[in-house]
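Structural characterization, general
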Amino acid sequence: MIDPKWKPETLAIQGGYRPKATQPRIVPIVQSTTYKFDNADHVASLFDLDCADHMYSRLSNPTWAAFEEKVAQMEGGVGALVTSSGQAAISLAILNICRTGQHVLAASTLYGGTYSLFHNTLPKMGIEVTFVDPRRSAEEIRACFRDETRLLYAETIGNPGLNVLDFEKFSAVAKQMQVPLVIDNTFGTPYLCRPFEHGADIVVHSATKYIDGHATSLGGVVVDSGRFDWNCGKYPELTEPDPSYHGLRYVEKFGPQAYIVKARTQFMRDLGMCVAPFNAFMFNHGMETLHLRMERHSSNALAVARHLQQHPMVSWVNYPGLENHPTHALAQKYLPRGCSGVLTFGIKGGVAAGRRFMESTKLIALVVHVGDVRSCVLHPASTTHRQLTEAQQIASGVSPDLIRLSVGIEHIEDILADIDQALAQC
Ligand SMILES: Cc1ncc(COP(=O)(O)O)c(C=O)c1O
């Protein structure tokens, strides 16, 4: 049995899967699409959601279940659902409670893929999204709400802005406006930050990043705190009959797990953004060292940030662990164990120097990814954002001199030596 008093480090290793005598010690990879039954009634009860056994691996799978349980325990939620990517987790978290004609309010400091989903794709489905600068006051954020607003969305640590969210302000506004606060905790990770303790209602992750941690597998996860009151009149899809399950009402039948059960049994069933059991195995495996990795990612990133601050080739450094960072006080409040592994800095010499730096590192690899145990670098202005004008780049938070480092867990002296030799060539 899981002891609810276990510390996060223990849950990361021992949470989720608890084998009985003679069962495999390690979470097995159940590479099976289907499950065998002895009689029709059992299958019928599964289709009626009267029992929770596995039926088909688009809906659930024992390897998923072990990982889902572990994440839910670490986040302090009532349930979780693993998905095929972080983007799938975000889409599912929103579509589960938001439909055509409704509205999402989101912090403007978001990962580019999420911005694109919100700015381009959700509107095509009839869901409008308004972006608000998270530095605005509670009153200003409240003023962006509409009658149709169904959720407030933000990232624990904005990517790539690296601003730490003011959870107290955002959760107070969400509560007052009677909508759930949905948090992307990808950079926060279930070890460095537990958004439910700070008023969030739903958490999503790109498991592709620190949860996997080794750049092997794409996936995501949605976690439900079980605390939002769906009976407030705005969420009929959770309180009114679902014709696809003979008129079942999710809140009535599943109580605090209504949101996550509906996400699985309705949207995962219908949209099928499901992950391979092998990837869920890799995520579970990654979680077992999450606490150790995040400590080292954070301490290495802080050391790199401090080193860069002193370097004559560097004009600015952006890392929430630095005392001069605009959200340093929020980092101390919400990320006491560390500020994760990503930082950005400005290189003197603009685009040309940025490109040279990125092409001169030897240990640190040019990769369009973060959250890997291996250090990686990206100069967006000459790669991912090259097609934008300089004005468009700046508007999207990417200045021509900006370099993003995802600091890995190699020895800090080797990381710093590589940075220094690359800067020397710029
Ligand atoms: C903060 C954040 N959220 C979501 C995603 C999307 O995740 P995935 O690539 O797994 O779809 C990313 C990807 O970089 C991210 O950085």
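This report concerns the structure included in the present document.

Parameters at a glance
Residues numbered from 1 in each chain as written. Predicted model: local features only at pLDDT ≥ 70, side-chain atom pairs only at ≥ 80, totals over all residues. Helix = DSSP H or I, 4+ residues; strand = E, 2+ residues; numbered from the N terminus. Buried ≥ 20, exposed ≤ 12 C-beta atoms within 10 Å, placed from the backbone. Contact = placed C-beta atoms within 7 Å. Core = buried A, V, L, I, M, F, W, Y, C linked by C-beta atoms within 7 Å. Domains from an automatic or database assignment. Pairing = 2+ DSSP bridges. Axes fitted to C-alpha atoms, helices over the stretch in contact; angles between N-to-C directions. Near = placed C-beta within 6 Å. Nonpolar A, V, L, I, M, F, W, Y, C, P; charged D, E, K, R; others polar. Left-handed = near helix turned anticlockwise from the far one by under 90°.

Quick look at the overall build of the protein chain now. Scanning the protein chain from N- to C-terminus turns up 17 helices and twelve strands. Dimensions of the protein chain, computed from C-alpha atoms along their principal axes, come out at roughly 70 × 55 × 40 Å. For the protein chain, the proportion of its 426 residues judged to be buried stands at 50%. Taking the intrachain contacts of the protein chain between residues at least 6 apart in sequence as the baseline, contacts between residues at least 24 apart amount to 73%.

Summarising the element assignment, K234 is placed in the loop between β7 (220-224) and α9 (236-239). With 20 C-beta atoms counted inside 10 Å, the residue K234 sits in the buried group. Separated by 136 residues in sequence, K234 and C98 place their C-alpha atoms 9.9 Å apart. When neighbours within four sequence positions are excluded, K234 is seen to be in contact with R150 and Q178.

Membership of the largest hydrophobic core comes to 120 residues, with the highest contact counts inside it found for V104, L152, V222 and L343. When residues of this core are sorted by domain, at least three fall in each of domain 1 (8-287) and domain 2 (290-424). Ignoring any residue separated from it by four or fewer positions in sequence, one finds V222 in contact with A80, L81, T83, A89, L92, A93, I202, V204, I260 and A263.

Moving on, we get to the sheet that holds strand β4 (residues 149-155). Strand order in the open sheet formed by seven strands is β1-β7-β6-β5-β4-β2-β3, with mixed pairing between adjacent strands. Lying at the two open borders of the sheet, with one neighbouring strand each, are β1 (79-83) and β3 (128-132). Shown here is a sheet whose adjacent strand axes are inclined to one another by a mean of 20°, direction ignored. The sheet contact formed by strand β2 (residues 103-107) and β4 spans four bridges and is parallel. Paired with V104 across the bridge in β4 is L151. Lying over the sheet, helix α3 (residues 62-75) contacts β1, β6 (202-206) and β7, oriented at roughly 130° with respect to β1. Packing of helix α7 (residues 167-176) onto the sheet brings it into contact with β4 and β5 (181-184), and relative to β4 it is tilted by some 170°.

With six of six residues buried, strand β9 (residues 342-347) is to be regarded as a mostly interior element. Taking every second residue as pointing to the same face, both faces of β9 are buried, with V342, T344 and G346 on one and L343, F345 and I347 on the other. Pairing between β9 and strand β12 (residues 402-406): five bridges, direction antiparallel. Counterpart to V342 in the pairing with β12 is S406.

Another point: the sheet that holds strand β11 (residues 376-378). Spatially, β8-β9-β12-β11-β10 is the arrangement adopted by the five strands of the open sheet, whose pairing is mixed. Only two strands of the sheet have a single partner each, and these edge strands are β8 (314-318) and β10 (365-366). Relative to β9, helix α13 (residues 290-309) is tilted by about 15°, and along the sheet it contacts β8, β9 and β12.

Another aspect to go through is the site of the ligand. Taken together, 16 residues are adjacent to the ligand, and S85, G86, Y111, S206 and T208 come closest. Taken together, the residues of the shell around the ligand break down into three nonpolar, ten polar and three charged.

In this section: the packing of α13 against helix α17 (residues 412-424). The relative placement of two packed helices comes down to the angle between their axes together with the axis-to-axis distance. Across the interface, α13 lies against α17 with an axial gap of 10 Å and an inter-helix angle of 35°. Note that α13 runs across α17; the crossing there is right-handed. Only I412, I415, L416 and I419 of α17 make contact with α13, whose side of the interface consists of N300, A303, V304 and H307.

Let's shift gears to the packing of helix α4 (residues 86-95) against helix α5 (residues 112-124). The N-to-C vectors of α4 and α5 enclose an angle of 40°; their axes lie 10 Å apart at closest approach. The interaxial crossing formed by α4 with α5 has right-handed handedness. Where α4 approaches α5, its residues Q87, I90 and S91 are matched on the opposing element by G113, T114 and L117. The residue makeup of the contact of α4 with α5, split by class, is two nonpolar, four polar and no charged.

Within the fold, I409 resides in the loop between β12 and α17. Between the C-alpha atom of I409 and that of N300, which follows or precedes it by 109 residues, the distance is 6.9 Å. Those residues in contact with I409 that lie beyond four places of it in its chain are R293, R296, H297, N300 and V373.

Here we take up the environment of L248. By secondary structure assignment, the location of L248 is in the loop between α9 and α10 (250-254). Discounting chain neighbours no more than four positions away, the residues touching L248 are L49, P241, D242 and K253.

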